[in-house]
Amino acid sequence: MDQPVSTLDLGPTFYDYGNADALQAQHGSSLRPLLENATATRDFALNEWGLLPGRVGVALELRTVRTRTHKMTVDLNSGAGELYDLVADPQERQNLFDDPAAVSLRERLMSYLATRPDDQRPDSTPVGTA
């Protein structure tokens, strides 16, 4: 399979195959169409994770979108980001996030990030060091 997928897609996939309704908003999409149809495609996959200051020195709320050709990660706290052309730069050495020539690409990828359900809860008591 040559399509962008994420572990966030596992929950929606299990609900889909189990013919069950999710009990809360899902941040991924079912992989069923990709698994059952060799010609199925998808535009993007999302990833997300949060890190507490004790882990990396500063709190990070990271959101990533991956297409077949690009990957962008944005920290929601600072607005800083990384954007890579995975075809021209598979080693991810040239960060295009602040490149004026990549503004329309960055905006398109940000629109994909905006499809995530707006269900983030306020910080609660941390568990562990992540």
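Starting afresh in each chain, residues are numbered from 1 along the sequence in its written order. Where totals are concerned, whole chains, interfaces and linings use all residues; where local detail is concerned, this predicted model gives features only for residues with pLDDT of at least 70, and gives and counts side-chain atom pairs only at 80 or more. Heavy atoms from the whole structure form the basis of all side-chain values; hydrogens and water molecules are not counted.

**Q** Explain the pattern of salt bridges to me, using residue names and the numbers behind them.
**A** Just to be clear on terms, a salt bridge is a Lys or Arg side-chain nitrogen sitting within 4 Å of an Asp or Glu carboxyl oxygen. On inspection of all chains with the given rule, the structure shows six salt bridges. Among the ionic pairs, Asp9 bridges to Arg42, the shortest N-O distance being 2.8 Å. Here Arg42 lies in the loop between α2 (32-36) and β1 (45-51) and Asp9 lies in the segment before α1 (10-17), a separation of 33 residues in the sequence. Each residue is assigned to one of three classes by its accessible area relative to the maximum for its type, calculated with a 1.4 Å probe on protein chains only: buried under 20%, partly exposed between the two thresholds, exposed over 50%. On the accessibility criterion, Asp9 (2% relative accessible area) is buried. Arg32 is the salt-bridge partner of Glu36, the closest N and O atoms lying 3.0 Å from each other. Of this pair, Glu36 and Arg32 both sit in helix α2, separated by four residues, roughly a single helical turn. Strands here mean DSSP runs of E at least two residues long; helices mean DSSP runs of H or I at least four residues long; both are numbered from the N terminus.

**Q** Could you give an account of the environment of Trp49, with specific residues and numbers?
**A** Within the element layout of this structure, Trp49 appears in strand β1. When the C-alpha atoms of Trp49 and Leu60 are compared, they prove to be 8.1 Å apart, with eleven residues separating the residues in sequence. Here Trp49 is in contact with Leu60, Glu61, Leu62, Arg63 and Thr64, once residues within four sequence places are set aside. Only heavy atoms enter the contact rule, under which two residues are in contact if any of them lie within 4.5 Å.

**Q** Before we move on, could you go through helix α4 (residues 103-113) and cite the residues and values that matter?
**A** Turning to α4, its buried residues are Leu105, Leu109, Tyr112 and Leu113. Across the axial projection of α4, the buried residues extend over an arc of 105°, all falling on one side. Set apart from the buried face of α4 by more than 90 degrees, the exposed residues are Ser104 and Glu107. The directions from the helix axis to the C-beta atoms are what the arc is built from.

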